[in-house]
Amino acid sequence: DGCSHLSAYERKRLKNITENAKFFAALKLHESAARLHQITTKRQTRVTKRAKPKKAEDETVRRRSMRLQRVEPSGIPVVEVLAQLGAEEYPQVTAGPFPMVPENEMENSKLTEELLTTWMRISELETGCWLLLLPPITKTLTMLCRYQDSLNSMVLSQENVRKVVKYRVCSMAIHPSESLLFVAAGDKTGQIGLWNVSCRSEEGAQVFVPHSFAVTCMQFSPCNPAHLLSLSMESLRCGDVTRTVFDEICRSEENLSSFDFLEENACSAIVGCWDGSVAVVDRRTSGTSSELSADIGFKRTRTVHVHPVKKQYFVAAGSEDVCIYDVRCLKPSGTRPVSSLKGHTKSVASAYFSPVTGSRVVTVCADDTLRYGGDGGGDHPDGKYQLVGVLLHNNNTGRWLTRFQAVWDPRQEDCFVVGSMARPRQVEVFQDTGMLLHTFSNPDCLSSVCSINVLHPSKNILVGGNSSGRLHVFKEE
């Protein structure tokens, strides 16, 4: 049988395989599986994918609203519209002399002429003699109780509130005239508003645009109030009402921050710069460049203020720095201060000497403090100024308000005025001891924060400016 050489196990295995094969063949499983497969194949439906319709070339694009397309009804893109509005709303002032014509010159030319004539008239009356009205150094300070009585007599009425400039007030100046109240205000877009407060009609204020950026500092000339000097980042100008022109004294590439006069004749000035330096400007020289630029070691210089008696000294405020310098020692680099007021932990908004003797300095800092220092009664400020007191004060004006500046009352050597975040809205008067002497308020007429405040040099008048361009005048009735 051919299997004799196999073992018994292998022969049995082959026998089982043969028997199993015969058994499955008898069941005919393979033929049944083939028939089932054939039947299922015939019943299966043919599945086809639906063809995507071809997009017609002339099919209309789905409509989108102008709002989603960021297009104005006029068809001009919003970005271009905003650019056009910016160009119209914030005009760039060209370099050189600029005519003293108002923003709406065609409508109110006669009213403007009357306003400028008034400014010229009161300046002629006061020129050369108004300095005599300022308190002399040897004059005894007004008794505190009498001073408080004068503050209490100053009230605010609705007729003494006026929107003078279009946007946020950044600086103000009061004409020294005693016969008529005349105020100038500068806003964040370069506008300068002139307001004859004594004129009760709506035509008592006019707006001029001699600058392209925020007007951060303004002063009437101490020797000729017919001149109004104003400073913006790009230029320092002198508004001369006698010639109806804004002359350009100094020009910079968006760098100027503040200024103050170095002499009583207002011929020269010290100018602070945002890059931390200071410059000396002389109005008697030709051109619009500075005579000297000095690095004083600041990251930025916010304010500069000249000593009222010793004009060679000035105090500068910057980023955590308050230092006193001698203008005679200014150098292009490496200028060292003659005195420093230490202790500020954040940026300093302002620093000013007291108005009569200059023996005190008051500062406003972003660490919510007012600091005041003194020279100890010395004959000169060289190394004598030191911190005397710290007063907690909410200076968190935020993004939309001008930063507070504490200014001394020119009629009271030891008292200063500063805006307040307290409610009801008010302007505060402090003594240099830290004592709160008075708050100017009127819930019916004052409902906003007056960040910038200025006082008349010889009369009981205070003017506060807010973030909407509105001025509030507190004065005796």
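Quick caveat: nothing in here was measured; it's all calculated off a predicted structure.

### Here's the deal with the sheet that holds strand S24 (residues 415-419)
Strand order in the open sheet made by the 4 strands is S23-S24-S25-S26, with antiparallel pairing throughout. Each edge of the open sheet carries a strand with a single partner, namely strand S23 (407-408) and strand S26 (436-440). Contacts from helix H6 (residues 144-152) reach S24, strand S25 (427-431) and S26 within the one sheet, and its direction differs from that of S26 by about 10°.

### Some thoughts on the nonpolar core
Within the largest apolar cluster, 33 residues are counted, with the highest numbers of intra-cluster contacts made by Leu370, Phe416, Val417, Val429, Phe440, Leu462 and Phe474. The greatest single-element share of this core, amounting to 4 residues, is contributed by S24. Sequence-distant contacts of valine 429, defined by excluding residues within four places in its chain, comprise Tyr147, Leu151, Cys415, Phe416, Val417, Met435, Leu436, Leu437, His438 and Phe440. Among the nonpolar cores identified, the runner-up in size contains 19 residues, and Leu115, Trp119, Phe182 and Phe220 belong to it.

### Remarks on the pattern of salt bridges
Throughout the structure, instances matching the rule amount to 12 salt bridges. Across the salt bridge formed by arginine 371 and aspartate 367, the nearest N and O atoms sit 3.0 Å from each other. With respect to class, arginine 371 is no different from aspartate 367; both count as buried. Via salt bridges that share partners, Arg237, Glu248 and Arg251 belong to a single interconnected network.

### Considering the layout of surface pockets
The calculated volume of the second largest pocket comes to roughly 270 Å³. Along the wall of the second largest pocket there are 15 residues; nearest its centre are Lys163, Val164, Ala205, Gln206 and Val207. Of all the elements in the fold, those that place two or more residues in the lining of the second largest pocket are strand S2 (154-163) and strand S6 (205-208). With 3 residues, the top contributor of residues to the lining of the second largest pocket is S6.

Reading the values: the criteria
Residues numbered from 1 in each chain as written. Predicted model: local features only at pLDDT ≥ 70, side-chain atom pairs only at ≥ 80, totals over all residues. Heavy atoms only, no water. Pairing = 2+ DSSP bridges. Helix = DSSP H or I, 4+ residues; strand = E, 2+ residues; numbered from the N terminus. Contact = heavy atoms within 4.5 Å. Axes fitted to C-alpha atoms, helices over the stretch in contact; angles between N-to-C directions. Core = buried A, V, L, I, M, F, W, Y, C linked by side-chain atoms within 4.5 Å. Buried < 20%, exposed > 50% of the residue type's maximum accessible area, 1.4 Å probe, protein only. Salt bridge = Lys/Arg side-chain N within 4 Å of Asp/Glu carboxyl O. 1 Å grid on protein atoms, 1.4 Å probe; cavity = no way out; pocket = protein on both sides within 12 Å on 5 of 7 lines; lining within 4 Å. Points joined across faces, edges and corners; volume = space filled by probe spheres on them.

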